[in-house]
Amino acid sequence: MTQPNIYKNLPDHFLDCPANRLIDIFNGPSLIHLKGKIDKPIFLATLLHGNEPTGLRAIQKFLKNYFKNGQLETLPQSLILFIGNVQAAQQNLRLLPGQTDFNRIWNGGGSTEHKMAQSVIDYAKKHNTFLSVDIHNTSGKNPHYGCVNLLDSKSVSLAQLFSPTLIYFTEPHEVFSLAFSKFCPSITIEAGKPDDPNGEPHVLDFIKKLFKLKSIPDTFDHEKIKIFHSMARIKIPNGSRIGFHNQCNKTDFCFPEHLDSMNFKEFPANTLLGWRNNPDLNLIVLDENNKNVEENYLDYVGKEIRLKRPVLPSMISTDEKIVLQDCLGYLMEPYPLPKNL
C-alpha cells in the first residue's frame, strides 16, 4: 500500500476498538482527518510500533468527550490522526517479521512503506499542519519524557508541556518526528511501558493541552527543564544470539535481567554492562554520524563488558526481539540549553 487510507469521518466502532482489533476497521496505515472549529490541524501519530497502544487509548478517550448522541461534535481544532502498523498491532508486536520498522521510513526510500510515509508527509504539508506529535511507549523502564530533533524554542516548549525531561537526538534520522520537524513543530513523547497505569491519563491530559493552544509559546522556564543529548546507540551485530540473566546458554552476549533499571541514571566508568561469550564479536556503538565508536565507550575484560567512560543510558530494553530488531539502548549526556534559545 503506497497510499494510506483516508477517512473524513470517524469510522464506526473505532472509539471502542482495541489495538489488536483495528485490523477489522483498517486494512493498513490510515489517516483520519476531522475538521475542527479552527482549521489548523493537530497531527497525532500512534501505533508506528504495533505493541505501543497507550497513544491509541488516550486519543480514543479524548474523542469520546466529543461523541454525543451517536455523533462526533465539532472539535475545537482540526485533527489528523495517523494509525500506523495495524498488522503488527493485531499480534502485539513492534513489527512483523520481514516488515520495515514504521518509525524508520520517513526519510525517503523505494519500498512500499517509504512511499506510503511520503504520502502522509505530503498530506500533512498540504493541510498546513499546526504541530505534530508521535506517541510511543518504551520497551524498558523509563520515566515519561519528550524528544526533540531541533533545539528551537517552539519544539522545546511543546515537549515540556508533556514532561520537563527531554531528549535531543538526530539519529536515527529516519524517524517520523524528524521528517515533520522540517515543516511544523514536531516532537515525540514516550509514555512509559504499555502497562504503565499513568501512561494513558498522562497522554490524555497532554492532548487536552494541545487542543487549548492558540499558538505555541516560544518561551519556557529553563530551570525546570532537564535535557539530555543522545550521543550514541548500542546495537547487536547481525546474526548474534543474546540472552538475559539465566537464559544465556549458547549466546554470544549476555546481559543482566534488570538491565533497563540503568535508564536515566548516571553510571561511572568500569560499570558492568554484560558479558561476551564469543570473543570474535564486539557490540556496535553508533554515533550521530552512524560511525562505530565502540572503542570509545566499551572495554572487554575477560568475558565482562564494562563501560570505558561515564554514561547515562536511556531506552535500554530487555525484550530480546526489540533489541535485535532495533538496538539495546542509547547513551546520553546532560545538555544545558543556551539561555538565548
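Up top is the structure.
Quick look at the structure, then. (Residues numbered from 1 in each chain as written. Predicted model: local features only at pLDDT ≥ 70, side-chain atom pairs only at ≥ 80, totals over all residues. Heavy atoms only, no water.)

Observations concerning the pattern of salt bridges
Here is step 1: Under the definition given, this model contains 12 salt bridges.
Here is step 2: Taking the shortest distance from any N to any O, the salt bridge between Glu200 and Arg57 comes out at 3.3 Å. With Glu200 in helix H6 (residues 199–210) and Arg57 in helix H1 (residues 54–64), this pair connects stretches of sequence that are 143 residues apart.
Here is step 3: Residue classification places Arg57 among the partly exposed residues on the basis of a relative accessible area of 32%.
Here is step 4: Of the charged contacts, one joins Lys209 and Asp205 as a salt bridge, the two residues approaching to 3.7 Å between their closest N and O atoms. Placement of the pair is Lys209 and Asp205 together in helix H6, with a separation of 4 residues, close to one helical turn.
Here is step 5: With a relative accessible area of 37%, Asp205 lands in the partly exposed category.
Here is step 6: Three or more residues are tied together by salt bridges with common partners; here these are Arg94, Asp101, Arg104 and Asp326. (Salt bridge = Lys/Arg side-chain N within 4 Å of Asp/Glu carboxyl O. Helix = DSSP H or I, 4+ residues; strand = E, 2+ residues; numbered from the N terminus. Buried < 20%, exposed > 50% of the residue type's maximum accessible area, 1.4 Å probe, protein only.)

A look at empty space enclosed by the protein
Here is step 1: Scanning the model with the defined rule gives 2 cavities of 30 Å³ or more in all.
Here is step 2: Approximately 350 Å³ is the volume attributed to the largest cavity.
Here is step 3: Arg104, Tyr145, Glu190, Met315 and Tyr330 are the residues nearest the centre of the largest cavity, which is lined by 27 residues in total.
Here is step 4: At the level of elements, strand E8 (145–148), strand E10 (186–190) and strand E19 (329–334) are the ones that each hand at least two residues to the lining of the largest cavity.
Here is step 5: A per-class count over the lining of the largest cavity returns 11 nonpolar, 10 polar and 6 charged.
Here is step 6: Of the volumes computed, that of the second largest cavity is approximately 50 Å³.
Here is step 7: Elements with a minimum of two residues in the lining of the second largest cavity: strand E11 (226–235) and strand E15 (284–287). (1 Å grid on protein atoms, 1.4 Å probe; cavity = no way out; pocket = protein on both sides within 12 Å on 5 of 7 lines; lining within 4 Å. Points joined across faces, edges and corners; volume = space filled by probe spheres on them. Nonpolar A, V, L, I, M, F, W, Y, C, P; charged D, E, K, R; others polar.)

Section: the packing of aromatic side chains
Here is step 1: In this structure the tally under the stated criterion is 16 aromatic pairs.
Here is step 2: Taking the centre distance of 4.7 Å and the plane angle of 35 degrees together, the rings of Phe62 and Phe211 count as tilted. Linking Phe62 in helix H1 with Phe211 in the loop between H6 and E11, this pair joins segments that are 149 residues apart in sequence.
Here is step 3: Residues Phe180 and Phe183 carry aromatic rings whose centres are separated by 5.0 Å and whose planes lie at 45 degrees to one another, so their mutual orientation is tilted.
Here is step 4: Connected via pairs of aromatic rings, a cluster forms that spans Phe43, Phe82, Trp106, Phe176, Phe180 and Phe183. (Phe/Tyr/Trp six-rings, centres within 6.5 Å; stacked < 30°, edge-to-face > 60°.)

A word on the pairing of E8
Here is step 1: Here E8 shows a buried face lined by Tyr145 and Cys147 and a second buried face lined by Gly146 and Val148.
Here is step 2: By the bridge criterion, 4 bridges tie E8 to E10 in an arrangement that is antiparallel. Among the inter-strand pairings, Cys147 is bridged to a residue of E10, identified as Thr188.
Here is step 3: Sheet topology note: the E8/strand E9 (residues 165–168) ladder contains 3 bridges and is parallel. (Pairing = 2+ DSSP bridges.)

A word on the sheet that holds strand E14 (residues 272–276)
Pairing between the strands of a sheet comes from backbone hydrogen bonds, and it takes one of two forms, parallel or antiparallel.
Here is step 1: Spatially, E12-E13-E14-E17-E16 is the arrangement adopted by the 5 strands of the open sheet, whose pairing is mixed. For this open sheet the edge positions go to strand E12 (242–244) and strand E16 (298–301), each flanked by a neighbour on one side alone. In this sheet, neighbouring strand axes are inclined to one another by 30 degrees on average, regardless of whether the strands run parallel or antiparallel.
Here is step 2: For strand E13 (residues 253–255) and E14, the ladder comprises 2 bridges, and the chain directions are antiparallel. In the sheet register, Phe253 faces E14, and the bridge partner there is Arg276. (Axes fitted to C-alpha atoms, helices over the stretch in contact; angles between N-to-C directions.)

Some remarks on the state of the cysteines
Here, the word disulfide means a covalent bond between the sulfur atoms of two cysteines.
Here is step 1: Applying the stated rule across the entire model yields 1 disulfide.
Here is step 2: Covalently, Cys248 is tied to Cys254 through a disulfide, its sulfur atoms 2.0 Å apart. When the S-S torsion is 80 degrees, as for the bridge of Cys248 with Cys254, the disulfide is right-handed.
Here is step 3: Cys254 sits in the buried class, given a relative accessible area of 7%.
Here is step 4: Between Cys147, a free cysteine, and Cys327, which holds the nearest cysteine sulfur, the sulfur-to-sulfur gap is 12 Å.
Here is step 5: Note on Cys147: relative accessible area 5%, which makes it buried. (Disulfide = S-S within 2.5 Å.)

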